Amino acid sequence: MNHRKLGKTSLSVSEISLGTWQVGGKWGEPFSHANADQILNAAVDAGINFIDTADVYGDGESEKAVGRLVRSRSERVFVATKCGRRLQPHTADAYQPAALRQFVEDSLRNMQLETLDLIQLHCPPTEVYYRPEIFELFDRLRDEGKIQHLGVSIEKVEEGLKAIEFPNVSTVQLIFNMFRQRPPELLFKEAARRDIGLIVRVPLASGLLTGKFSPQSTFAPDDHRNFNRHGEAFDKGETFSGVDYATGLAAVEELKQAFPNQPLADIALRWILMFDEVSCVIPGASRPEQILQNLQAAELPALTPNQMEAVRRIYDAQIRPLVHYSW
């Protein structure tokens, strides 16, 4: 397993780690702790030492599963969770220090841990990034020993650029993949300058970049790929990276031609790892065997300049006009 430094936290994390949005089973299915335990233990067995969760994943059940794993293993496993999305309504005004403090304490209780390695604001409204009192709270929580580091999970480049102006922000979690190529233009450069760890989520564009979907593919009613294609429930960019499904399928076919006889999912993950500013990528898994599939990408040779240019060319022609300046 290759490791990279997680920015100024100085934590050394597995470059392919694990996101737990799906760890209790497929999207829309009831949370299965048996399934979660199998996936989480398979991840640690394979050398993964960084796990990302959130208090809203499985309504707290994902945090419980992650905490149980950490307490049961001898290996050092770093835990990142998130807070803020439990606010109803999820508005900037609802973000108050007292509410966020309670969320952190709830997460500690869920996981039965004494401290959180990393707590992240969970995609708050853009206005929140302009309120110093929100960020000051986490200095107090760190002094109290309840957290070790603060990060943010963002939707827009603007939010990341603003967040890293606060000196206590150590990491930025963002969507970055073959269909979301704006971040390197400025955010990556500023993150490197400030020694910010970059955690990449949605690396396969909600599965589009596996190359396994077709116009006939269907998704369960409770699957966000069915009900959130136009942002009905949360930010549109979280579903297929904001790309129209038919357009995404067409671009995927071109990518398959550029990388014949190679699993597109592996290539998509390896493409992300070509960027040195990235600390780790956190693909999800709904089955234990998907862990090993994801890790195969780290073993691939570096993509060639011609291959990188082919990805860029497909993005520029098919995807850029639709999404580039939206996030």
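Within any chain, residue numbers begin from 1 and follow the written order of that chain's sequence. Local features in this predicted model are restricted to residues whose pLDDT is 70 or higher, and side-chain atom pairs enter the listing and the counts only when it is 80 or higher, whereas totals over whole chains, interfaces and linings include all residues. Side-chain figures throughout are based on the complete set of non-hydrogen atoms in the structure, without hydrogens or water.

Student: Help me understand the overall build of the protein chain in this model?
Tutor: Counting from the N terminus, the helices are the DSSP runs of H or I reaching at least four residues and the strands are the DSSP runs of E reaching at least two. A count of helices and strands for the protein chain gives 11 helices and 10 strands. For 327 residues, the compact-globule estimate of 2.2 N^0.38 gives 20 Å, and the protein chain sits close to it at 19 Å. Burial classes: relative accessible area under 20% of the type maximum marks a residue as buried, over 50% as exposed, and values in between as partly exposed (1.4 Å probe, protein chains only). Per-residue burial over the protein chain gives 56% buried out of 327 residues. Should any heavy atoms of two residues lie within 4.5 Å, those residues are considered in contact. Within the protein chain, residue pairs in contact and separated by at least 24 positions form 76% of the contacts whose partners lie at least 6 positions apart. Carbon and sulfur atoms provide 49% of the accessible area of the protein chain, an area that totals close to 13500 Å². Asp and Glu are treated as the negative residues and Lys and Arg as the positive ones, with His and the ends of the chain left uncounted. Just so you know, the charge point we use is NZ for Lys, CZ for Arg, CG for Asp and CD for Glu. Positive and negative side-chain charges of the protein chain, numbering 36 and 43 respectively, have mean locations separated by a distance of 1 Å. It is over C-alpha atoms that the radius of gyration is taken, and the globule rule equals 2.2 Å times the number of residues to the power 0.38. Note on areas: these come from Shrake-Rupley sampling with a 1.4 Å probe, and a residue is covered only by the protein chains present in the view.

Student: Please explain the sheet that holds strand β4 (residues 50-52) as it appears in this structure.
Tutor: What holds strands together in a sheet is hydrogen bonding between their backbones, with the strands either parallel or antiparallel. Two strands qualify as a pair provided DSSP detects at least 2 bridges between them. As summarised here, the arrangement of the 8 strands in space is β3-β4-β5-β6-β7-β8-β9-β10, forming an open sheet in which the pairing is parallel. The sheet is open, and its two edges are formed by β3 (18-19) and β10 (278-281), each paired on a single side. Sheet topology note: the strand β8 (residues 169-175)/strand β9 (residues 197-201) ladder contains 5 bridges and is parallel. Bridge pairing in β9 links Gln 173 to Ile 199. Each axis is a line fitted through C-alpha atoms, taken for helices only over the stretch in contact, and angles between the N-to-C directions span 0 to 180 degrees. Most of the contacts of helix α4 (residues 132-143) go to strand β6 (residues 118-122), to which it runs at about 160 degrees, and overall it touches β5 (78-83), β6, β7 (150-153) and β8.

Student: I'm lost on the packing of helix α9 (residues 264-273) against helix α10 (residues 288-299) in this one. Help?
Tutor: Relative orientation and spacing of two packed helices are given, respectively, by the angle between their axes and the distance between those axes. With their axes 8 Å apart at the nearest point, α9 and α10 run at an angle of 50 degrees to one another. Compared by their axis directions, α9 and α10 come out oblique. Once α9 is placed against α10, the crossing between them reads as right-handed. Here α9 contributes Asp 266, Leu 269, Arg 270 and Leu 273 to the contact with α10, which in turn contributes Gln 293, Asn 294, Gln 296, Ala 297 and Ala 298. Across the contact of α9 with α10, the residue classes break down as 4 nonpolar, 3 polar and 2 charged. Angle categories: roughly parallel below 35 degrees, roughly antiparallel above 145, roughly perpendicular from 65 to 115, and oblique for all the rest. Helix crossings are classified by the rotation of the near helix relative to the far one: an anticlockwise turn of less than a right angle makes the crossing left-handed, while a clockwise turn makes it right-handed. Residues are grouped as follows: Ala, Val, Leu, Ile, Met, Phe, Trp, Tyr, Cys and Pro are nonpolar; Asp, Glu, Lys and Arg are charged; every other residue, Gly included, is polar.

Student: Is there a simple way to explain the pattern of salt bridges in this structure?
Tutor: Opposite charge on two side chains lets them pair, provided their charged atoms get close. By definition here, a salt bridge exists when the distance from a side-chain nitrogen of Lys or Arg to a carboxyl oxygen of Asp or Glu is within 4 Å. One pass over the full model with this rule turns up 29 salt bridges. Residue Lys 64 is joined to Glu 61 by a salt bridge in which the shortest nitrogen-to-oxygen separation is 3.1 Å. Taken together, the residues span about one helical turn, with Lys 64 and Glu 61 both in helix α2 (residues 61-72) at a distance of 3 residues. On the basis of relative accessibility, which here comes to 21%, the residue Glu 61 falls in the partly exposed class. Here Glu 155 ties to Arg 201 by a salt bridge, and the two come within 3.6 Å at their closest N and O atoms. Here Arg 201 lies in strand β9 and Glu 155 lies in the loop between β7 and α5 (157-163), a separation of 46 residues in the sequence. A relative accessible area of 8% places Arg 201 in the buried class.

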